[in-house]
There are 4 protein chains.
Amino acid sequence: MRVAILGATGYGGAELVRLLRRHPEVTITAVYGHSQSGKPLAEVFPHLMDVDVEVEPFDASDAAARADVVFTATPAGVSHTVIPALLERGVRCIDLSGDFRLKRRETYRQWYGKETAEEALLARAVYGLAEWFADAVRGADLVANPGCYPTATLLGLLPLVKEGLVEDDDIVVDAKSGVSGAGRSPGLATHFSEVNENLTAYKIGVHQHIPEMEQTVTAVTGRAVRLTFIPHLVPMTRGILATIYARAKAGVTERHLREALVAAYADKPFVRVRPAGVVPRTKDVYGSNYCDLNAFFDARTGRAVVVAVIDNLVKGAAGQAVQNLNMMMGWPETLGLDLGPVFP
Amino acid sequence: MRVAILGATGYGGAELVRLLRRHPEVTITAVYGHSQSGKPLAEVFPHLMDVDVEVEPFDASDAAARADVVFTATPAGVSHTVIPALLERGVRCIDLSGDFRLKRRETYRQWYGKETAEEALLARAVYGLAEWFADAVRGADLVANPGCYPTATLLGLLPLVKEGLVEDDDIVVDAKSGVSGAGRSPGLATHFSEVNENLTAYKIGVHQHIPEMEQTVTAVTGRAVRLTFIPHLVPMTRGILATIYARAKAGVTERHLREALVAAYADKPFVRVRPAGVVPRTKDVYGSNYCDLNAFFDARTGRAVVVAVIDNLVKGAAGQAVQNLNMMMGWPETLGLDLGPVFP
Amino acid sequence: MRVAILGATGYGGAELVRLLRRHPEVTITAVYGHSQSGKPLAEVFPHLMDVDVEVEPFDASDAAARADVVFTATPAGVSHTVIPALLERGVRCIDLSGDFRLKRRETYRQWYGKETAEEALLARAVYGLAEWFADAVRGADLVANPGCYPTATLLGLLPLVKEGLVEDDDIVVDAKSGVSGAGRSPGLATHFSEVNENLTAYKIGVHQHIPEMEQTVTAVTGRAVRLTFIPHLVPMTRGILATIYARAKAGVTERHLREALVAAYADKPFVRVRPAGVVPRTKDVYGSNYCDLNAFFDARTGRAVVVAVIDNLVKGAAGQAVQNLNMMMGWPETLGLDLGPVFP
Amino acid sequence: MRVAILGATGYGGAELVRLLRRHPEVTITAVYGHSQSGKPLAEVFPHLMDVDVEVEPFDASDAAARADVVFTATPAGVSHTVIPALLERGVRCIDLSGDFRLKRRETYRQWYGKETAEEALLARAVYGLAEWFADAVRGADLVANPGCYPTATLLGLLPLVKEGLVEDDDIVVDAKSGVSGAGRSPGLATHFSEVNENLTAYKIGVHQHIPEMEQTVTAVTGRAVRLTFIPHLVPMTRGILATIYARAKAGVTERHLREALVAAYADKPFVRVRPAGVVPRTKDVYGSNYCDLNAFFDARTGRAVVVAVIDNLVKGAAGQAVQNLNMMMGWPETLGLDLGPVFP
């Protein structure tokens, strides 16, 4: 199958190239980019030196002629302007940006401060949290690939809220991310000397991934929730760890919590529930498509705690996008994704 | 004044040397250590090359003959065996370990899994959270220097609970620490290749600093509380950031929260409340005795959030110990502590 | 083909597991270890959670019954005691330690301070610098896998000395390594707080990889050389960068130097010579079996400079060992090694 | 004494503020900056929250009215345009940029690609390598503060070349620097995700500090030299380590080399020669004005090796500038610089 990548000069795009060039069913036929078009991709990303392809300016007709599927790894507010033309030409799209994740335009406007697609198109997009919406993904021609924070948070939280083990109205998510999540555009907030040996919180209560998480909890449980969510920037390149705190319902123990995780992911190849008492670490999934999880119960305070880790650029972006491709095509879910974590 | 340091071969001890040798009223007359006694301190810590002192095996009579004040920077379970002999000989003691922080032996036993001092001696110890118990510290001959996590957490939380701005029964503290807090003894959990580019949680719900924080909240408010507290290990050397989540009482806004912080620390030289909306970062206090703080209000969920940062080895250990020394002696609180943060 | 790994609880062993479990022609039938035998490998290395194998105590008969090839990833001084029994039983061996690299016992004794195998067995071992000794490796039953520093250094240096572009008697190699090269045993020298944000040199002029490099230069050129070699420890986990300085012969220019590199590696899939003027970076080969190289000429001083980078655990250890396996078996050199570098 | 700082919004400027505000003889009366003028300095640098000063646009008359000494911590090519007006008004200047270090305009042009001051003014500038040109600094009204690489390299190299222990024509300097040396302007080369866990060389043979080092060796020895110099970028914030390789003259041993270092710096408070065999580490001087040094002899190859470490922002910039101020004023050399290294 022929695939093209729009936004190949960002980190998410580069990861797509790393994964898709090893994918046995896929050929990358075009990579598109804006600022660096005309350059060999190997000049933009020296680690891809052995990939012989040039970055081209995007054109929907060209993409439709050369690809059956297009991945859009663009900044917020871009993909919704190009995807309609691709869909019209029969090209399937997997969007790694936030443009198609929220079902209501008004919500997007409010949290992103921008415009996005018509609601009809938003309705057509399937939210590609692969472990939870597999059936919908299978028939989709437009997949909204989840955000990095929502992937880690929802994989940890959904089993608990679905099984009714925790109170909906007392959930705190304290998330920590490596710096690659901020992308490749230089700025003071990602300047090495400012970030290294430093730790901070940001976008307190206003991160655009919040409505995405709330909408998805509602999609699974039918109940509205409000999450307190604070992301933190950690001096490392890759990895997200989400610590999820929720008040447990009466009688719930650690065993119930862990059983809910185990049951939810029994047949899911990319989610690994750790043995009781073992805390997941980000490095244990580095470079891979795994999400490692575990649940704990603080009996003194009655709080359930789930710790979930992913590699933000793989399971939190490019890897999950390939997983969605596999499901759309009816291929084995793990095709091309058998990458062991790189440790240490 | 003559001071001695017991446990000078650990990181806390080395920081005491860094601070005390510049202190205008103090002379370090002896440094004691166990495993490396007989060595020049400059061999144990090459950065202290210009400090001409040898590590000696500890002896209480010797210490009493040579020092007016002894700092004990020892592992848990050690200082309570040596401090009684020092106090009997009229030596004042500032203990950087956990041995004298908890007022009830049984609580210590439960959380530390060890024995500590008699309760009469525990009662005599003053908890040296300098900004909150200055009067008691002034008359003390035994100060229990606070733990690193409690220092950051309590400086952020106490103004809110004292002023009754938040509910007592819904408090979550998500704390993140650099690795130096784990001390200088090598082990797999602090091995560079295991920790670097890695992030994890540990001691979920069972960290020994929990009863210290709860006891201190009660000391200030008169009310019992239970905190959900989870520490995380971050791939950096120094720094603690505590993110404190609490349900705000009705009508409370960010302004109320920030005013409580500002009022609590108006005349406290080492606590800096950031301007509204500015998030503290650990690097902004690196190497200094500052605690930087700010409060936020997540109106959607009704949660108050405080972010507090310290250098765990300075304000969280050696720096606060010197601050306590200054207060015990009636010297200016900042004497010898005018260290600007080292940034970047 | 059935393979076993001795020393699977170290970093080199874990990398072998990562690579070999994806290798299409190989089944891992046993992993042996000393200190942690009896434990599931997934407990020793949580990132290998989905690998269902237990660490066993090593026994040569057992290994010979269960494996056709054994990889020995043991500390210096161990493999020479177990490999003879394996060879006698017809098992092929690939040794990742230094025990079989030096041809003269006396040299090993001098640089390693230990005993190693009989010289007859040392003579039988083929030095597995894959790009330079492919023919010998093809027929070998015992391969001495090169050290990490020699791999980077020799790949950079050999084309120049072989072509006679530089003087043999004026070569300086300044090498820099990430910390994973020091292995998984904790110690003060690899303690996070000591290494992070720190940089030092070590084993100045006495590193045990020196005779390995000199012996190999002689093997290729027929001329004796003496290298000045100093390794440095850099605060990162993976990666070696070797900066090689040599006095160029009269008339030599950057073009000659680069042409020698290009010619030497024209058909070598794992060596990438960068375009003129582009400096290799360690992260561009992270997690992969590549060695990236380039040559420069400092016309003012007449010095040739080669910069070579590898991932010390892949091309510098486990990856090259698998490459050697492929060559021993007559399989394509890249089988199971098509791992794109993980960047960023 | 009243001092002003031009370029206070860069890292060198911020370090000057950190040091000078604790200096007992100095008051900072103005800080000047270009891009951020009008802002409180505490907004530009939150760690300086307790410094109540605003960044102002520079004006020479204003500076001359308010300050006796001006520090210029500006990018290359700027200070030579403002210093003449300050000198005319009787203000002493300490320039932290490269504009006044090279004595010949043509050399500056060639290596910096820009214009600088008239040669008469260049002649008036005293090169402020404090340990070597103290007498000249004492009478100076214009000091060219040395570059970071030259400071580490020259302190290590000068004793050897002055005493004639090594050959002049076979010197290689392999230098490694933390990222803060690249300044505070964001760019891809200093973007966290590109630099972290990465290592590279840069400006091979063309770094603008090369002529500065060669000129100074000539100033001390009277002999022309050519250095092979390659800088490397290391994933840490602060610190430079220079590894200096030189062919030793016949009969020279490690003892001679170390004695030359010890003799050169016997009465120099900021240079610490390590005990025989001990390798300096950058973290041992972190945040301080020390340069730690040691010499080694590789008897096999006849090479002398010196390893020198500094904190690039202190001894390599702001600290040495304050040291120069002290010497210009006839104050004790260490005034305001009694900062113990921050370790770990």
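Every chain is numbered independently, its residues counted from 1 as its sequence is written. All chains are assigned letters beginning with A, and all ligands numbers beginning with 1, in the order in which they are written. A pLDDT threshold of at least 70 governs which residues receive local features in this predicted model, and a stricter bar of 80 or more applies before side-chain atom pairs are shown or counted, although totals over entire chains, interfaces and linings include all residues. For the side-chain quantities, the full set of heavy atoms in the structure was used; hydrogens and water were omitted.

A few words on the relation of the copies chain D and chain A. Rotating chain D by 180 degrees and moving it 0.0 Å along the rotation axis overlays it on chain A with an RMSD of 0.0 Å. Classification of the inter-copy transformation places it as that of a two-fold axis. Across chain D, the smallest distance between a C-alpha and the rotation axis is recorded for Phe192(D), namely 2.0 Å. Contact definition: two residues touch when any of their heavy atoms are within 4.5 Å. In this assembly the copies share their binding face: 100% of the residues contributing to the interface of chain D also contribute to that of chain A. A least-squares superposition brings the copies together, and it is based on the C-alpha atoms of residues with pLDDT no lower than 70 in both.

Let us look at the relation of the copies chain A and chain B. Superposing chain A onto chain B requires a rotation of 180 degrees together with a translation of 0.0 Å along the rotation axis, leaving an RMSD of 0.0 Å. A share of 100% of interface residues in chain A that are also interface residues in chain B marks the association as one of identical surfaces.

Residue and element names in this part refer to chain A. Note on pairing: DSSP must find at least two bridges between two strands before they are called paired. Strands are runs of DSSP state E lasting at least 2 residues, helices are runs of H or I lasting at least 4, and numbering of each runs from the N terminus. If you walk across this open sheet you meet the seven strands as β3-β2-β1-β4-β5-β7-β6, and the pairing is parallel. Among the strands making up the open sheet, the edge pair consists of β3 (55-56) and β6 (126-127). Pairing analysis gives five bridges linking strand β1 (residues 2-6) to strand β2 (residues 27-32), with the strands arranged parallel. By the bridge assignment, Ala4 is partnered in β2 with Ala30. In this analysis, axes come from line fits to C-alpha atoms, helices being fitted only over the stretch in contact, and the angle between any two N-to-C directions falls in the range 0 to 180 degrees. Of the strands in this sheet, β1, β4 (69-72), β5 (92-95) and β7 (142-144) are in contact with helix α4 (residues 79-88), which crosses β5 at around 160 degrees.

Any pair of Phe, Tyr and Trp rings, taking the six-membered ring for Trp, is counted once the centres come within 6.5 Å. Such a pair is stacked with planes under 30 degrees apart, edge-to-face with planes over 60 apart, and tilted for the rest. Tallying each qualifying case throughout the model produces 39 aromatic pairs over all chains. With a centroid separation of 6.2 Å and an interplanar angle of 80 degrees, the aromatic rings of Trp132(A) and Tyr265(A) are classed as edge-to-face. Of the two residues, Trp132(A) is situated in the loop between β6 and α7 (134-138) and Tyr265(A) in the loop between α11 (254-264) and β12 (271-273); the sequence distance between them amounts to 133 residues. A simple rule labels every residue: compare its accessible area, found with a 1.4 Å probe on the protein chains alone, to the largest value its type can have, and call it buried under 20%, exposed over 50%, or partly exposed in between. For Trp132(A), a relative accessible area of 18% gives the class buried. Centre to centre, the rings of Tyr11(C) and Phe45(C) are 6.5 Å apart; their planes meet at 45 degrees, and the pair counts as tilted. Here Phe45(C) lies in the loop between α2 (41-44) and β3 (55-56) and Tyr11(C) lies in helix α1 (residues 11-20), a separation of 34 residues in the sequence. Through successive ring pairs, a cluster of aromatic residues spans Tyr11(A), Phe45(A) and Phe343(C).

Our next topic: the sheet that holds β3(C). Residues and elements named next belong to chain C. Within the open sheet, the seven strands sit side by side as β3-β2-β1-β4-β5-β7-β6. Their pairing is parallel. Two strands in the sheet have a free side with no partner beyond their single neighbour: β3 and β6 (126-127). In the sheet, strand β5 (residues 92-95) pairs with strand β7 (residues 142-144) via three bridges, with the strands oriented parallel. The residue bridging Ile94 from the neighbouring strand is Val143, located in β7. Here α1 sits on the sheet in contact with β1 (2-6), β2 (27-32) and β4 (69-72), set at roughly 160 degrees to β1.

This brings us to the interface of chain D and chain A. Residue-level contacts link 19 residues of chain D with 19 residues of chain A. Accessible surface is computed with a 1.4 Å probe, and the buried area is the amount of it that two parts give up when combined, taken over both parts together. Taking both sides of the interface into account, the surface hidden between chain D and chain A amounts to around 1,600 Å²; carbon and sulfur atoms contribute 55%. Three residues stand out in chain D for area buried against chain A, namely His191(D), Phe192(D) and Ser193(D), and they jointly supply 38% of the buried area on that side. The salt bridge definition used is simple: a Lys or Arg side-chain nitrogen within 4 Å of an Asp or Glu carboxyl oxygen. Where chain D meets chain A, there are two salt bridges. For Glu194(A), the salt bridge is made with Arg184(D), and the minimal N-O distance between the two is 2.8 Å. Within 3.5 Å is the distance limit for a polar contact, defined as a pair of N or O atoms, with the added protein rule that one can donate a hydrogen and the other accept it, and that residues adjacent in sequence qualify only through two side-chain atoms. The interface formed by chain D and chain A includes 14 residue pairs in polar contact (both at pLDDT 80 or more).

This part is about the pairing of β5(C). Residue and element names in this part refer to chain C. Relative to β5, β4 is paired through four bridges, and the arrangement is parallel. Bridge pairing in β5 places Thr72 opposite Asp95. Traced from β4 through helix α4 (residues 79-88) to β5, the parallel crossover comes out right-handed. Handedness of a crossover: with both strands directed away from the viewer, a clockwise path from the first strand across the helix to the second marks it as right-handed.

Moving on, we get to the UniProt feature "active site" (unreviewed entry) in chain A. Residue and element names in this part refer to chain A. UniProt positions are given in the numbering used here, feature names are shortened, and annotations may be inferred rather than shown by experiment. The positions that UniProt labels "active site" (unreviewed entry) are, in the present scheme, Cys148. Position of Cys148 among the secondary structure elements: in helix α8 (residues 148-162). Ignoring anything within four residues of it in the chain, the contact list for Cys148 reads His209, Ile240, Ile310, Asn312 and Gly316.

Let's shift gears to helix α10 (residues 210-221) of chain A. Residues and elements named next belong to chain A. Between the first and last C-alpha of α10 there are 17 Å, a value that for twelve residues agrees with the 16 Å anticipated at 1.5 Å per step. If you check which residues of α10 are buried, you get Ile210, Pro211, Glu212, Met213, Glu214, Thr216, Val217 and Thr221. Just downstream of α10 lies Gly222, where phi reads positive at about 80 degrees. Helix span is expected to be 1.5 Å times the residue number reduced by one.

Below, the discussion takes up the nonpolar core. By size, the foremost hydrophobic cluster in this structure holds 118 residues, and its most contacted members are Leu16(C), Phe71(C), Leu16(D) and Phe71(D). When near neighbours in sequence (up to four residues on either side) are disregarded, Phe71(C) contacts Val3(C), Ala4(C), Ile5(C), Leu6(C), Leu16(C), Leu20(C), Ile94(C), Leu96(C), Ala321(C), Val322(C) and Leu325(C). The next biggest cluster of nonpolar side chains, apart from the first, holds 75 residues, and it includes Val3(B), Leu48(B), Ala73(B) and Phe270(B). By convention a nonpolar core is built from buried Ala, Val, Leu, Ile, Met, Phe, Trp, Tyr and Cys residues, the set being connected through side-chain atoms within 4.5 Å.

Take the UniProt feature "domain: Semialdehyde dehydrogenase NAD-binding" (unreviewed entry) in chain A next. Under the UniProt annotation, the feature "domain: Semialdehyde dehydrogenase NAD-binding" (unreviewed entry) is placed at residues 2-140 of chain A. A helix fraction of 36% and a strand fraction of 17% characterise residues 2-140 of chain A, whose end C-alpha atoms lie 17 Å from each other.

In this section: the pairing of strand β14 (residues 303-310) of chain A. Residues and elements named next belong to chain A. Extensive coverage of β14 is indicated by the burial of eight of its eight residues. Here β14 shows two buried faces, one formed by Arg303, Val305, Val307 and Val309 and the other by Ala304, Val306, Ala308 and Ile310. Bridge count for strand β11 (residues 240-248) against β14 is eight bridges, and the pairing is antiparallel. Following the sheet pairing, Thr243 is matched in β14 by Val307. Examined bridge by bridge, strand β13 (residues 291-298) and β14 share eight bridges and lie antiparallel to one another. In the strand pairing of β14, Asp298 is matched with Arg303. Here β13 hands over to β14 after four residues, with Gly302 in that stretch at a positive phi of 75 degrees.

Time to look at the interface of chain A and chain B. With 49 residues of chain A at the contact, the number on the chain B side is 49 residues. Carbon and sulfur atoms supply 55% of the area buried between chain A and chain B, which totals about 4,100 Å² over both sides. Its salt-bridge partner being Asp170(B), residue Arg247(A) comes within 3.5 Å of it at the nearest N-O pair. At the boundary of chain A and chain B, one finds 33 residue pairs in polar contact (both at pLDDT 80 or more). Looking at the side of chain A that touches chain B, the elements with two or more residues in it are β8 (166-177), α9 (192-195), β9 (200-201), α10, β10 (228-233), β11, β13 and β14 of chain A. For the side of chain A that touches chain B, the leading source of residues is β8(A), giving seven residues. Residue polarity follows a fixed list, in which Ala, Val, Leu, Ile, Met, Phe, Trp, Tyr, Cys and Pro are nonpolar, Asp, Glu, Lys and Arg are charged, and the others, Gly among them, are polar. Across the side of chain A that touches chain B, the residue classes tally to 23 nonpolar, eleven polar and 15 charged.

As a further point, take α11(A). Residue and element names in this part refer to chain A. Along α11, the positions that sit buried rather than exposed are Leu257, Arg258, Ala260 and Leu261. Within α11, the buried residues cover an arc of 150 degrees as seen down the axis, which keeps them to one side. Of the exposed residues in α11, those oriented more than 90 degrees away from the buried face are Arg255 and Ala263. Where α11 is buried, its residues touch α8, β12, β13 and β14. By construction, the arc corresponds to the directions joining the helix axis to the C-beta atoms.

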